[in-house]
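Okay, here's what each chain looks like letter by letter:
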Amino acid sequence: MQVYHTIMNAIFDLLFLPFRLLPPVIGLSAVSLATGIVLLMTFRYFSDQKGLRVVKDKIKAHLLGIRLFKDDPALMVAEQGHLFSATFTYMRYALTPFAVMLIPFIILVLQLNFYFGYQPLRPGGSAIVSLKWRPLIPWNEMAVPIHVPEGLAVETPALRIAGNREVDWRLRAKHEGRFELIFQIAGQAIQKEVLVTDRLERVTPTRRQASRLEMVLPRGEAPLPHNGLVEAIEVRYRPLSFGVFGWRLHWAVLFLVFSLASAYTLRHVLRVEI
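Cut-offs applied
Going along each chain's sequence as written, the residues are numbered from 1 onward. It should be noted that, the model being predicted, local features are given only for residues of pLDDT at least 70 and side-chain atom pairs only at 80 or more, the latter also being counted only at that level, while totals for whole chains, interfaces and linings use all residues. To get the side-chain values, all heavy atoms of the structure are used, and hydrogens and water are removed first. Put simply, two rings from Phe, Tyr or Trp (the six-membered ring, in Trp's case) pair if the centres are within 6.5 Å, and we call them stacked under 30 degrees between planes, edge-to-face over 60, tilted for the rest. Each helix corresponds to a stretch of at least 4 residues labelled H or I by DSSP, and each strand to a stretch of at least 2 residues labelled E; elements are numbered beginning at the N terminus. A simple rule labels every residue: compare its accessible area, found with a 1.4 Å probe on the protein chains alone, to the largest value its type can have, and call it buried under 20%, exposed over 50%, or partly exposed in between. Whether a charge sits over a ring comes down to the Lys NZ or Arg CZ being within 6 Å of the ring centre and within 35 degrees of the ring normal. Nonpolar cores are built from buried Ala, Val, Leu, Ile, Met, Phe, Trp, Tyr and Cys residues. Side-chain atoms within 4.5 Å join them into one set. Strands are treated as partners if at least two bridges between them are detected by DSSP. When a carboxyl oxygen of Asp or Glu lies within 4 Å of a side-chain nitrogen of Lys or Arg, that pair is called a salt bridge.

### Some details on the packing of aromatic side chains
Any two aromatic rings considered together are summarised by their centre-to-centre distance and by the angle between their planes.
Here's step 1: Enumeration over the complete set of coordinates arrives at 7 aromatic pairs.
Here's step 2: Relative to Phe 116, the ring of Phe 16 lies with its centre 5.5 Å away and its plane at 75°, an arrangement referred to as edge-to-face. Of the two residues, Phe 16 sits in the loop between helix 1 (2-15) and helix 2 (24-46) while Phe 116 sits in helix 4 (residues 73-116), which places them 100 residues apart along the sequence. Just as Phe 16 is buried, Phe 116 falls in that class too.
Here's step 3: Taken together, the aromatic side chains of Phe 16, Phe 105, Tyr 115, Phe 116, Trp 251 and Phe 255 make up a single cluster linked through ring pairs.
Here's step 4: The ring of Tyr 93 has Arg 92 sitting right over it, with the charged end atom 5.2 Å from the ring centre.
Here's step 5: In this structure, Arg 267 is placed above the aromatic ring of Tyr 264, and the distance from its NZ or CZ to the ring centre is 3.7 Å.

If you want it as structure tokens, here you go:
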């Protein structure tokens, strides 16, 4: 499974390579356009296009009938019943392509979150690093030496938070690079990646123990040992948001809007009935 995740991460890193030096919104727009095209083609080949055209004409006709027969309650109610039936038929035609797209779309969104969900550290910037113990571990009695490479510096001593079974440090970045923090715990060395850059790159904020379900989901780093002492290690990067007309929007909102807008705009060009 780790080989699969390594290959997927390498593929997405390669896809975003041309956008590394550009503003993140350009990379997001490009992947949204490509997603819209893929959604359209999936809808085209996994739906009954002829049936969709027929049922859409019926829906238009029944909407017109409701307006024409608004003075005749019996006929208007009959048209409303036909409209409901046609709408249900349309939903049934659309169900298959939506079912085909659902799981790949979820996996894509989770993968894109590594690139657009968080802002990497900048040189000179700082972030909190948090190590969380598993329940029932006597964490308050165990020393946790932290070793940092030359590109990072530890600014504070370890802060233990009893209610969360948590130990925190504050790190400062000296220069760009991908660095490995090393925690020495009970004779074991546990690593956590820290990214310092102003480019568009994959950011993995948390390394944690993974359940069986989580093992198949996209991830940036290998999970922590299942029976180990540590439950999770997190670098608290700032969330990445996009400014639109004075508002700060989550990347997933823009991705969904851009993807649907591109699909709707290109539907006639690609001859897809939706």
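### Things to note about the nonpolar core
The nonpolar side chains of a soluble globular protein tend to be buried, and buried together.
Here's step 1: Ranked by size, the top nonpolar core spans 29 residues in total, and within it Leu 131, Trp 133, Leu 152, Phe 183, Ile 185, Val 194 and Ile 233 carry the most contacts.
Here's step 2: Within the residue set of this core, elements represented by two or more residues are strand 2 (126-133), strand 6 (166-173), strand 7 (177-185), strand 8 (188-196) and strand 10 (230-235).
Here's step 3: In terms of nonpolar packing, the next biggest core, distinct from the first, is built from 16 residues, Phe 12, Val 31, Leu 108 and Phe 114 among them.

### Notes on the sheet that holds strand 8
Here's step 1: The strand order 3-7-8 describes an open sheet built from 3 strands, whose pairing is antiparallel. In this open sheet, the two strands that pair with only one neighbour each are strand 3 (146-147) and strand 8.
Here's step 2: Two strands pair when backbone bridges link them, and strand 7 and strand 8 are joined in this way by 9 bridges, in the antiparallel orientation. Looking at the pairing, Gln 184 lines up with Ala 189 of strand 8.

### A few points about the pattern of salt bridges
Here's step 1: Counted by the stated rule, this structure contains 10 salt bridges.
Here's step 2: Arg 202 is the salt-bridge partner of Asp 13, the closest N and O atoms lying 2.9 Å from each other. Taken as a pair, Asp 13 in helix 1 and Arg 202 in the loop between strand 8 and strand 9 (206-208) lie far apart in primary sequence, 189 residues in all.
Here's step 3: Assessed through its relative accessible area of 28%, Asp 13 is described here as partly exposed.
Here's step 4: You can call Arg 202 buried: its relative accessible area is 12%.
Here's step 5: Across the salt bridge formed by Glu 155 and Arg 172, the nearest N and O atoms sit 2.3 Å from each other. Of the two residues, Glu 155 sits in the loop between strand 4 (152-154) and strand 5 (159-161) while Arg 172 sits in strand 6, which places them 17 residues apart along the sequence.
Here's step 6: Glu 155 sits in the partly exposed class, given a relative accessible area of 32%.
Here's step 7: Look at Arg 172 and you get partly exposed, because its relative accessible area is 31%.
Here's step 8: Here the salt bridges share partners, and the residues they tie into one network are Arg 20, Arg 178, Glu 193 and Glu 201.

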